[in-house]
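Analysis of the macromolecular model
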Amino acid sequence: MDYDTTRDKNTGENESYEGAHPELQDLSLPQTDNMLYSILNSLNQNIANFHAYLKFKSYISEDTLNTELLKKSMGIHRDFSALLLHTKEEMVFISPDLLEKAEKMLFKGEAGTDFIKYTCKMSKIINDYKGMLYREGYLPDFKWQFMSTDI
């Protein structure tokens, strides 16, 4: 057994083990804005990669294409789930129908679904959801900011 395992076993019931770096326990959680941008950046990148693979599918072997498309589809699903769960509370009263549609798509979990069609449908809902976030002011509209700085 290694040293950390034996030390954990030797800790009594009333004792607490604070880990190897107790000074790291005071790290604050990431800021909400940074988290949203990180999720959105990953989501946009996965969607762009997914569509790039679809566009050039005639130049890629079928096995590689299926593997990459499945990876990107899973990444899109993961990122959109994170975005939805991170912003759902604020959006419940603004657009409940879009939220319901997004939740059904994300959490229905049908087996045997064509994941390419599923991901394309999900991309449509993601665009609607991102549009709602921009419209409601949860994400800044960078196009407008760039246009206003030129004036």
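Calculation notes
Residues numbered from 1 in each chain as written. Predicted model: local features only at pLDDT ≥ 70, side-chain atom pairs only at ≥ 80, totals over all residues. Heavy atoms only, no water. Axes fitted to C-alpha atoms, helices over the stretch in contact; angles between N-to-C directions. Helix = DSSP H or I, 4+ residues; strand = E, 2+ residues; numbered from the N terminus. Parallel < 35°, antiparallel > 145°, perpendicular 65-115°, else oblique. Left-handed = near helix turned anticlockwise from the far one by under 90°. Contact = heavy atoms within 4.5 Å. Expected span 1.5 Å × (residues − 1). Buried < 20%, exposed > 50% of the residue type's maximum accessible area, 1.4 Å probe, protein only. Salt bridge = Lys/Arg side-chain N within 4 Å of Asp/Glu carboxyl O. Phe/Tyr/Trp six-rings, centres within 6.5 Å; stacked < 30°, edge-to-face > 60°. Core = buried A, V, L, I, M, F, W, Y, C linked by side-chain atoms within 4.5 Å.

Contact pair helix α3 (residues 62–91) / helix α4 (residues 96–107): the axes reach a minimum separation of 11 Å and the direction vectors enclose 150°. One finds that α3 runs roughly antiparallel with respect to α4. For the element pair α3 and α4, the recorded crossing hand is left-handed. Taking contact as the criterion, the partners of His77, Phe80, Ser81, Leu84, Lys88 and Met91 in α3 are, on α4, Pro96, Leu99, Ala102, Glu103, Leu106 and Phe107.

What follows deals with helix α5 (residues 115–135). Each α-helix turn comprises 3.6 residues. Residues three or four places apart therefore point the same way. Counted at 1.5 Å a residue, the expected span for α5 with its 21 residues is 30 Å, and the 29 Å between its end C-alpha atoms agrees. Turning to α5, its buried residues number three or more, namely Tyr118, Thr119, Met122, Ser123, Ile125, Ile126, Tyr129, Lys130, Met132 and Leu133. Just past α5, the residue glycine 137 takes up positive phi, approximately 85°.

Time to look at the side chain of asparagine 46. With respect to the element layout, asparagine 46 can be found in helix α2 (residues 32–55). With relative accessibility at 11%, the residue asparagine 46 sits in the buried group. Aside from chain neighbours lying at most four places away, what touches asparagine 46 is Lys72, Gly75, Ile76, Arg78 and Asp79.

Further remarks concern the pattern of salt bridges. One pass over the structure, following the stated rule, counts 5 salt bridges. Residue glutamate 68 is joined to lysine 71 by a salt bridge in which the shortest nitrogen-to-oxygen separation is 3.2 Å. Of this pair, glutamate 68 and lysine 71 both sit in helix α3, 3 residues apart, which is roughly one turn of that helix. Its relative accessible area of 47% is what places lysine 71 among the partly exposed residues. The salt bridge partner of arginine 78 is aspartate 79, with a shortest N-O separation of 3.1 Å.

What follows covers the packing of aromatic side chains. Taken as a whole, this structure holds 2 aromatic pairs when the rule is applied. For the ring pair phenylalanine 56 and tyrosine 59, a centre distance of 6.3 Å and an interplane angle of 45° mean the geometry is tilted. The class of tyrosine 59 is exposed, set by a relative accessible area of 70%. Note on phenylalanine 80 and tyrosine 129: the rings are 5.7 Å apart at their centroids and 80° apart in plane angle, and the pair reads as edge-to-face. With phenylalanine 80 in helix α3 and tyrosine 129 in helix α5, the pair connects residues that are 49 residues apart, well separated along the chain. A residue is classified by how much of its surface remains accessible, and phenylalanine 80, at 1% relative accessible area, is buried. Accessibility expressed as a relative area gives 0% for tyrosine 129, which makes it buried.

A few words now on the nonpolar core. Core analysis: the largest hydrophobic core is formed by 27 residues, its most contacted members being Leu43, Ile76, Phe80, Leu83, Met122, Ile126 and Tyr129. Among all residues touching leucine 83, those that are not within four sequence positions of it are Leu36, Ile39, Leu40, Leu43, Tyr129 and Leu133.

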